[in-house]
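Coordinate inspection notes
Now for the letters of each chain:
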Amino acid sequence: MNARTRAIALATFRESVRDRLLLLVVVFAIALVLFSRVLGWLSVEDELKMVQDFSLTGLSLLGLFLAVLVGAGSLAREVERRTVYTALTRTATRAEFIVGRYAGLVAVFWLCQLGAAALLAGWIVVWGGALHGAFFAAVAGLLCETLVLTAIALFLGALAAPAIASVGTLAAYLVGHGTEALRDLTANGRNPDFAMAFEVLYRVLPNLESVNFINATTSGRPVDWGALGMGALYAACWAVAFLAGAVALFRRRQF
Amino acid sequence: MPAPGVPAWVVAALALGGAVVLQGPLGDSNALRRRNDFRYTPDTDVVRVLSFGHRSTAADTLWLRALPDFSREFSDLDQKRRWLSGVLDIAVELDPTFLTAYTFGATYLSLIDRRSEEAVALLERGARKFDEIEQADGRTYPAGTRVRVELAMAYWMLRRDRDATIRELQIAAQRPDCDELTRGMLVGLMIGDRDDLLALNYAAANTEHSDPLVRDRARLEYERTKLRIARRVANDFEAREGRRAKDLAELALGQALGDTVATLVADGLEVDAEGRVVSARFDELNWAESIRALEYAARIYRDDYGCWPDAAWLNDNKLFVARGENMPPHTHVAIDADGRVTFAPDEPETAPGDGDRGDAEAE
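Keep in mind that what you see is a predicted model, and the values were worked out from it rather than measured.

Check the secondary structure of chain B and you find 17 helices and four strands. A compact globule built from 363 residues should have a C-alpha radius of gyration of about 21 Å, whereas chain B, at 30 Å, is more than 25% larger. The buried share among the 363 residues of chain B stands at 40%. Across chain B, the fraction of contacts at a sequence separation of at least 24, relative to all contacts at a separation of at least 6, is 55%. Taken as a whole, chain B presents about 20300 Å² of accessible surface, with 54% of it coming from carbon and sulfur.

Next up on the list: empty space enclosed by the protein. Residues and elements named next belong to chain A. Evaluation of the coordinates by the stated rule reveals one cavity of 30 Å³ or more. There is about 40 Å³ of room inside the largest cavity. Every residue lining the largest cavity is listed: Val148, Pro206, Asn207, Leu208, Ser210, Val211, Tyr234, Ala235 and Trp238. Among the elements that make up the lining of the largest cavity, the one with the highest residue count is helix H10 (residues 225-252) (three residues). Taken together, the residues of the lining of the largest cavity break down into seven nonpolar, two polar and no charged.

What follows is about the interface of chain A and chain B. Counting from both sides, the interface comprises 29 residues of chain A and, opposite them, 27 residues of chain B. When chain A packs against chain B, close to 2400 Å² is buried across both sides, 57% of that on carbon and sulfur atoms. The closest approach of N and O atoms between Asp60 of chain B and Lys49 of chain A, which form a salt bridge, is 3.1 Å. On inspection of chain A and its partner chain B, the count reaches 14 residue pairs in polar contact (both at pLDDT 80 or more). At the level of elements, helix H2 (20-42), helix H3 (47-71) and helix H8 (162-185) of chain A are the ones that each hand at least two residues to the side of chain A that touches chain B. For the side of chain A that touches chain B, the leading source of residues is H8 of chain A, giving seven residues.

All names here are of chain A. Residues Phe35, Val38, Trp41, Leu42, Val126 and Trp127 make up a contiguous nonpolar surface patch of roughly 600 Å² in combined accessible area. At four residues, H2 tops the list of elements feeding residues into the nonpolar patch. Taking relative accessible area as the criterion, Phe35 reaches 42% and is therefore assigned partly exposed.

Residues and elements named next belong to chain B. With respect to the element layout, Glu168 can be found in helix H8 (residues 162-173). Polar side-chain contacts of Glu168 include one of 2.6 Å to the side chain of Arg148. Filtering out sequence-adjacent residues up to four positions away, Glu168 remains in contact with Arg148, Leu151, Ala152 and Tyr155.

A word on the nonpolar core. Side chains of nonpolar character tend, in soluble globular proteins, to be buried together. Core analysis: the largest hydrophobic core is formed by 68 residues, its most contacted members being Leu56 and Leu62 of chain A. Those elements giving two or more residues to this core turn out to be H2, H3, helix H4 (74-81), helix H5 (83-89), helix H6 (94-126), helix H7 (133-159), H8 and H10 of chain A. In contact with Leu56 of chain A, not counting residues within four places along its chain, are Leu120, Phe135, Ala138, Val139, Leu142, Ile214 and Thr217 of chain A. Counting residues in each nonpolar core, the second largest holds 40 residues, with Leu64, Leu67, Phe70 and Leu94 of chain B among its members.

This part covers H2 of chain A. The first and last C-alpha atoms of H2 of chain A sit 33 Å apart over 23 residues, in line with the 33 Å expected at 1.5 Å per residue. Bending of H2 of chain A peaks at approximately 25° at the position of Leu34 of chain A. Three or more residues of H2 of chain A are buried, namely Leu22, Val25, Val26, Ala29, Leu32, Val33, Ser36, Arg37, Leu39 and Gly40 of chain A. On its buried face, H2 of chain A sits against helix H1 (3-17), H3 and H6 of chain A together with helix H3 (55-71) of chain B.

Once that is clear, we can look at the confidence of the model for chain A. Per-residue confidence for chain A gives a mean pLDDT of 86, with 99% of residues at or over 70. Looking at the elements of chain A, mean pLDDT is at its lowest for H5 of chain A, recorded as 74, and at its highest for H7 of chain A, recorded as 93.

A few words now on the pattern of salt bridges. One pass over the structure, following the stated rule, counts 45 salt bridges over all chains. A salt bridge links Asp95 of chain B to Lys49 of chain A, with the nearest nitrogen and oxygen atoms 2.4 Å apart. Of this pair, Asp95 of chain B sits in the loop between helix H4 (77-94) and helix H5 (99-112) while Lys49 of chain A sits in helix H3, placing the two residues on different chains. Taking the relative accessible area as the measure of exposure, Asp95 of chain B reaches 5% and is therefore buried. When the shortest N-O distance is used, the salt bridge between Arg81 of chain B and Asp113 of chain B registers 3.2 Å. Separated by 32 residues along the polypeptide, Arg81 of chain B in helix H4 and Asp113 of chain B in the loop between H5 and helix H6 (116-137) bring together distant segments of the chain.

Thresholds applied
Residues numbered from 1 in each chain as written. Chains lettered and ligands numbered in written order. Predicted model: local features only at pLDDT ≥ 70, side-chain atom pairs only at ≥ 80, totals over all residues. Heavy atoms only, no water. Helix = DSSP H or I, 4+ residues; strand = E, 2+ residues; numbered from the N terminus. Rg over C-alpha atoms; globule rule 2.2 N^0.38 Å. Buried < 20%, exposed > 50% of the residue type's maximum accessible area, 1.4 Å probe, protein only. Contact = heavy atoms within 4.5 Å. Areas by Shrake-Rupley, 256 points an atom, 1.4 Å probe, with all protein chains shown as cover. 1 Å grid on protein atoms, 1.4 Å probe; cavity = no way out; pocket = protein on both sides within 12 Å on 5 of 7 lines; lining within 4 Å. Points joined across faces, edges and corners; volume = space filled by probe spheres on them. Nonpolar A, V, L, I, M, F, W, Y, C, P; charged D, E, K, R; others polar. Buried area = accessible area lost by both parts, 1.4 Å probe. Salt bridge = Lys/Arg side-chain N within 4 Å of Asp/Glu carboxyl O. Polar contact = N/O pair within 3.5 Å; in protein donor to acceptor, adjacent residues only side chain to side chain. Patch = residues over 30% accessible without salt bridge, like charges linked within 9 Å, V, L, I, M, F, W, Y side chains within 5 Å. Core = buried A, V, L, I, M, F, W, Y, C linked by side-chain atoms within 4.5 Å. Expected span 1.5 Å × (residues − 1). Bend = angle between axes of the 7 residues up to and from the residue. pLDDT = per-residue confidence, 0-100.

See the structure below:
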């Protein structure tokens, strides 16, 4: 990453940190983490299971909302405020601009998620729980998920209006988490009519389940770190693909 | 919009009043509606897709949604059964390690809904799921042991199936996280079946454990097992001879149990003056366990009431262990200012009239 990209990333980071929307989403995530204890009390047993499950799902939603509410409108905001002209009329290329924006957004999203994860870790310890490798694997998986979602948000932001980009990012999240379950519907010869279609969807769409380690967190099952590493690589591939697409679209854009 | 001339606050007050008045009949109607509430139980596959990867959270959500319904009255009982059976089915399908769904679900099905076979089936399903998971992961989980123990209890209480109970308890007892109570139940059943050597083997499992608490409890159970076997032989002797044996030699443990078991059992046992088989080692371990239980109870009391309980509370409470052979004879429970519990010797009883004489002398 060169100096110009770093400068754009830093500017994006500062701008996003000041965004009230970001603050609102972070407050929502923190509230969900704290509220999860109430859900634990409502349960008969497995109180910490409830805390971990709902909080980690909250962290996943935090990543989604940040991508949808902050990431998807990021490029449009730059154009609207005309700050994009300042950047592009200097020596920065469009590719550097997109990569810089992406790096800045990912940095601020990760900061929010890691902050919320640290709070959750403390919350679990306060209530007598212990942190195992599965918890850290789940958080690492969520960071990978954010990597992909932010790239999708930027790609769609370069392609369409912010509202459409937001809806598209939301859809990508749902589809990304749904294709594996859809494919499972056709396992063992069930629903043969849909088997081919679901298999194609499973292959060609980003599968966010590859980095989803939340379900294993509370069961105490061992973490397959190799699978997490491969999932991270898979997520990076998709992020690069969408980022490259965003650069290609942004290059063709007329201001 | 308020009509011209009518102040807006009057309109607001009227609207608010209307809402408050309507709340009464609406509340009644809502209660009736909830009573006849319809619960849609979705298909497991549908929930799996709609959980969008958060299967464990989806199971939690469904569980929390259904939890109040376990104790709620439904006008249509069949509907309630369908709904709760569906919830249990989906919850454990989405999260096969959801221990509460198995244990609470089985308790509800057997004790409240009186559907014992469904309770057993749910626990059997849990045991199968944990088997699959543990085989895949190459390790055991405490929740898996708990499901096995619950299943054994279900076989025992709901089916009266002694063989199945022993089978499940044997599986549970071979796991590293099996508690001494479960092992004790298995050992008890085996002693009843006169399977003494196996019973002693199971009881000896943790007698050399590195954790002193686990070790002490295991040794207590081992000594209890020896005592139970010897007392069974003593009971047989009394039934046969019409009197109690005077000593261990007269009991002829070797003849009754075989030399190997007799050697193991006789170690540290003796017959007292009343012809009862006793063990000083068992007493020592048992009293130490009683102290631990009483100190635990005292700590709970302090957490609840902010102070240590007095000795009278610990002595009087019938729930606690301070009675019978769980405490040394002629002692009572004492507790000091730090919550340390001991067995203190009883005061010698004063002869009747002593107090009166003292009072008279004082006068």
